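Chain and residue survey
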Amino acid sequence: MRFSYLFLLLAFALLLSACGKEPLYEEQAYVFGTQVDVSIYGEDEAKARKSVVLVMHEFQRLHDMLHAWKPSELSELNTAIAQGKSRQVSPELAAMLQDAARVSAQSGGLFDPAIGGLIQAWGFQADDFKAVLPDEKKVAALVKANPQMSDLVFDALNVRSSNRAVKIDLGGYAKGYALDRAADILKQQGIHNALINIGGNILALGTHGSRAWRVGIQHPRKPGPIATLELHDGEAIGTSGDYQRYFELGGKRYCHLIDPRTGYPVQGVEAVTILTHGEHAGLLSDASSKPLFISGAHGWTAAAKTMHLDEALLIDAEGVVHLTASMQKRLEFTDNKTIREVE
């Protein structure tokens, strides 16, 4: 589906009184199956609007290129892999796949975009999904096949797989990649102060006037944030939660975050949020939260160390907040009764 202004749910410029304050321009859209928000501070409306349009076009381009179950460059590669064939891909996609393979290796395979077959079996490769459990034998067969990003073989821009069970789904990578691309585009347009939010993955540029950008971490079971923090220039936060794409059956919640070791959605965790900095902060905020979520309440700290994440938070199935000491220093909890355990 190509970019259209019909996607833009809201576009307005807000002048903050006449006492010398600069304007805040905000725009929203729906891409990557989620709401996208871009805020620009301190620029005139025409420049801000032009810059945001470029960002939204880029988001839609990436969405069209990386769609896992509709016609796209990625789905064409998956078809070729399933047929045991090689396919030439664009330099951009080749670089993304190689980088995703690197992150997957660093995570010990817990971040595994190659398990698109499992995601499809659970019904999450769809715009609307039903509360239906997959065939147990099919899940077991996919787990036994053990598809991994390391199964991909690159010959220049030609990509194939030694394992036909590999079906790439970059849903846990694309939003972070898009954040970094948006930041690059805004900088190229001379935008110095902005906040980009793709479904809870947020990256900050500059400041909101004389103060830092303040953002919230969504409470996984209640409306509104469980905590807020100031996000400084070049920082990003990423959240993986069981409350965005899920279904309930027999009183049990099944989310789209699947443990590649078992083939089943992760239980015992409601959400994980991480704070990242520096180069590729957006990408890291997206891909690196998944291994912590999959590792669970007992293994997330070890996963955080492996992924070199100093600032991280996990909310377990009982609603208990576990977090690193560095993360605790950054947060202001909205409910003083929230249980916090420093790891």
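The name given to the protein in an unreviewed UniProt entry is FAD:protein FMN transferase, with Sideroxydans lithotrophicus as the source organism. Regarding the protein, the UniProt comment filed under Catalytic activity (unreviewed entry) reads as follows: "L-threonyl-[protein] + FAD = FMN-L-threonyl-[protein] + AMP + H(+)". In its Subcellular location (unreviewed entry) section, the UniProt entry covering the protein states "Cell inner membrane".

1. A closer look at the overall build of the protein
When you go through the protein residue by residue, the secondary structure sums to nine helices and 18 strands. Here the protein has a C-alpha radius of gyration of 20 Å; the compact-globule value for 343 residues is 20 Å, and the two agree. Across the 343 residues in the protein, those meeting the buried criterion constitute 54%. Sequence separation of 24 or more characterises 58% of the internal contacts of the protein that already satisfy a separation of 6 or more. Put simply, the protein has 34 plus and 40 minus side-chain charges, and the middle of one group is 4 Å from the middle of the other.

2. Let's talk about the pairing of strand β11 (residues 236-241)
Within β11, six of the six residues are buried, which leaves it mostly tucked inside the rest of the structure. Both faces of β11 are covered, namely the face carrying A236, G238 and S240 and the face carrying I237, T239 and G241. Taken together, the two bridges between strand β8 (residues 201-205) and β11 define a ladder with antiparallel strand orientation. Residue I202 lies in a different strand from β11, and its bridge partner there is I237. Note that β11 and strand β14 (residues 269-276) share six bridges and pair antiparallel.

3. Section: the pattern of salt bridges
If you walk through the whole model with that rule in mind, you get 18 salt bridges. Taking the shortest distance from any N to any O, the salt bridge between R181 and D184 comes out at 3.9 Å. Taken together, the positions of R181 and D184, both in helix α6 (residues 174-188) and three residues apart, correspond to about one turn of that helix. Since its relative accessible area comes to 22%, R181 is described here as partly exposed. Across the pair R261 and D259 runs a salt bridge whose closest N-O atoms are separated by 2.8 Å. By relative accessible area, which is 9% here, D259 ends up buried. When salt bridges that share partners are traced, they join E58, R61, E92, R181 and D184 into one network.

4. Focus on the packing of helix α1 (residues 45-66) against helix α3 (residues 91-106)
At a minimum axis separation of 12 Å, α1 and α3 run at an interaxial angle of 75°. Looking at the two axes, α1 sits roughly perpendicular to α3. Contacts between α1 and α3 pair R61, L62, M65 and L66 from the former with E92, L93 and M96 from the latter. Considered class by class, the residues forming the contact of α1 with α3 number five nonpolar, no polar and two charged.

5. Structural notes on helix α8 (residues 289-306)
With 18 residues, α8 should reach 26 Å at 1.5 Å per residue; the first-to-last C-alpha distance of 12 Å falls well below that figure. Along α8, the sharpest change in direction is near 140° and occurs at G296. Among all positions of α8, only S289, K290, P291, L292, F293, I294, G296, W300, A303 and A304 are buried. For α8, the secondary structure elements touched by its buried residues are β11, β13 (252-255), β14, α7 (281-287), β15 (312-316) and β16 (321-323). Once α8 ends, the next one or two residues include H308, with phi positive near 60°.

Conventions adopted
- Residues numbered from 1 in each chain as written.
- Predicted model: local features only at pLDDT ≥ 70, side-chain atom pairs only at ≥ 80, totals over all residues.
- Heavy atoms only, no water.
- UniProt positions renumbered as here; feature names shortened; annotations may be inferred.
- Helix = DSSP H or I, 4+ residues; strand = E, 2+ residues; numbered from the N terminus.
- Rg over C-alpha atoms; globule rule 2.2 N^0.38 Å.
- Buried < 20%, exposed > 50% of the residue type's maximum accessible area, 1.4 Å probe, protein only.
- Contact = heavy atoms within 4.5 Å.
- Lys, Arg positive; Asp, Glu negative; His and termini not counted.
- Charge placed at Lys NZ, Arg CZ, Asp CG, Glu CD.
- Pairing = 2+ DSSP bridges.
- Salt bridge = Lys/Arg side-chain N within 4 Å of Asp/Glu carboxyl O.
- Axes fitted to C-alpha atoms, helices over the stretch in contact; angles between N-to-C directions.
- Parallel < 35°, antiparallel > 145°, perpendicular 65-115°, else oblique.
- Nonpolar A, V, L, I, M, F, W, Y, C, P; charged D, E, K, R; others polar.
- Expected span 1.5 Å × (residues − 1).
- Bend = angle between axes of the 7 residues up to and from the residue.

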